[in-house]
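# Fold and geometry: a report
Below, each chain spelled out in residue letters.
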Amino acid sequence: MLDAIEHEVKFTQQMTGRSALDPRVMLAIARTPRDKFVPESFIDSAFNNAPLPIGHGQTISQPYIVALMTDLLELKKDNTVLEIGTGSGYQAAILALLCRKVYTIEYVTELADMAKAHFEELGYRNIESMAGNGYDGWPEYAPFDGIIVTAAATHIPEALIEQLKPGGRMVIPVGQQNRYQELTLLEKDEDGQLKITSILDVAFVPFQAEGR
Ligand code: SAH
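My aim in this report is to walk through the structure given alongside it, one point at a time. (Residues numbered from 1 in each chain as written. Predicted model: local features only at pLDDT ≥ 70, side-chain atom pairs only at ≥ 80, totals over all residues. Heavy atoms only, no water.)

### Section: the site of the ligand
Close to the ligand lie 26 residues; Ser88, Glu106, Asn133, Gly134 and Gln208 are nearest. A distance of 3.1 Å separates a nitrogen atom of the ligand from a polar atom in the backbone of Tyr107. The side chain of Thr150 places a nitrogen or oxygen atom 3.1 Å from a nitrogen atom of the ligand. Protein chains bury 100% of the 580 Å² of accessible surface belonging to the ligand in isolation. Those elements that place two or more of their residues in the shell around the ligand are strand 2 (58-60), strand 3 (80-84), helix 5 (90-96) and strand 4 (101-106). Top element by residues in the shell around the ligand is strand 2. It accounts for 3 residues. Among the residues making up the shell around the ligand, the classes are represented as 11 nonpolar, 13 polar and 2 charged. (Near = heavy atom within 4 Å. Polar contact = N/O pair within 3.5 Å; in protein donor to acceptor, adjacent residues only side chain to side chain. Areas by Shrake-Rupley, 256 points an atom, 1.4 Å probe, with all protein chains shown as cover. Helix = DSSP H or I, 4+ residues; strand = E, 2+ residues; numbered from the N terminus. Nonpolar A, V, L, I, M, F, W, Y, C, P; charged D, E, K, R; others polar.)

### Brief notes about the side chain of Gln91
With respect to the secondary-structure elements, Gln91 resides in helix 5. Overall, the relative accessible area of 6% leaves Gln91 in the buried class. (Buried < 20%, exposed > 50% of the residue type's maximum accessible area, 1.4 Å probe, protein only.)

### Some points on the pairing of strand 5 (residues 127-131)
As paired elements, strand 4 and strand 5 share 5 bridges and run parallel to each other. Considered in strand 5, the bridge of Tyr103 is made with Glu128. In this fold, the crossover linking strand 4 to strand 5 by way of helix 6 (residues 109-122) has right-handed handedness. (Pairing = 2+ DSSP bridges. Right-handed = clockwise from strand over helix to strand, strands pointing away.)

### Observations regarding the environment of Pro157
For Pro157, the location among the structural elements is in the loop between strand 6 (144-149) and helix 7 (158-162). For Pro157, a relative accessible area of 0% gives the class buried. Sequence separation of Pro157 and Leu52 is 105 residues, and the distance between their C-alpha atoms is 27 Å. Among residues more than four places away in sequence, those in contact with Pro157 are Tyr135 and Ile172. (Contact = heavy atoms within 4.5 Å.)

### Focus: the packing of helix 1 (residues 2-11) against helix 3 (residues 23-30)
Here helix 1 crosses helix 3 at 145°, and the two axes come no closer than 11 Å. The two elements helix 1 and helix 3 cross, and the hand of that crossing is right-handed. Every residue of helix 3 that contacts helix 1 at Leu2, Ile5 and Glu6 is listed here: Met26, Ile29 and Ala30. For the contact of helix 1 with helix 3, the class distribution of residues is 5 nonpolar, no polar and 1 charged. (Axes fitted to C-alpha atoms, helices over the stretch in contact; angles between N-to-C directions. Left-handed = near helix turned anticlockwise from the far one by under 90°.)

Structure below.
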């Protein structure tokens, strides 16, 4: 799986501007058991570089996309991160190896419960998860050094921009739902100025209940 990710990183380098990912990100991926986050019926495909169904019409993202989005956050050890769209919990588990604390919100209660059980079973102590609508972020623990949205949004939610620290980075797929989106990097500088860059075309499941 790591070879497949490296290959795809090279293949897409003209678009992403990256010919290799941070070795710490690759190590976190190597150390995260993806087979523990996929349904039993897909265990044989767990280490393929492909998205897989996780029930409730949702998916665990393609490992290359997980790697790229993690890399774009440029996390430091003492950082806190907010993830919208816990899904299987796989992305959160990788983030948990790279920073101090991960907060993650999932809209589908059953998936949130399942992910929480996986975090406990596998001994992740620095992930706090909840079921709910991530559109409003998680004000109680804001601001965050990094924010990652793993569902397709039609726009960047204002609350998430507010909950990003100066110097922080947000990675979010933005565009028409049920089609392709642009994986978007939003950087907030120390003065609060925003810089928005499109990285790559991606296809994510829709962000539910935007603005509600
Ligand atoms: N990060 C996940 C990918 C899951 S797919 C993983 O590693 O497996 C995206 C997830 O976003 C789905 O589970 C979907 O239910 C969730 N989602 C969609 N809209 C949401 C919202 N408004 N708030 C929180 N989660 C949402």
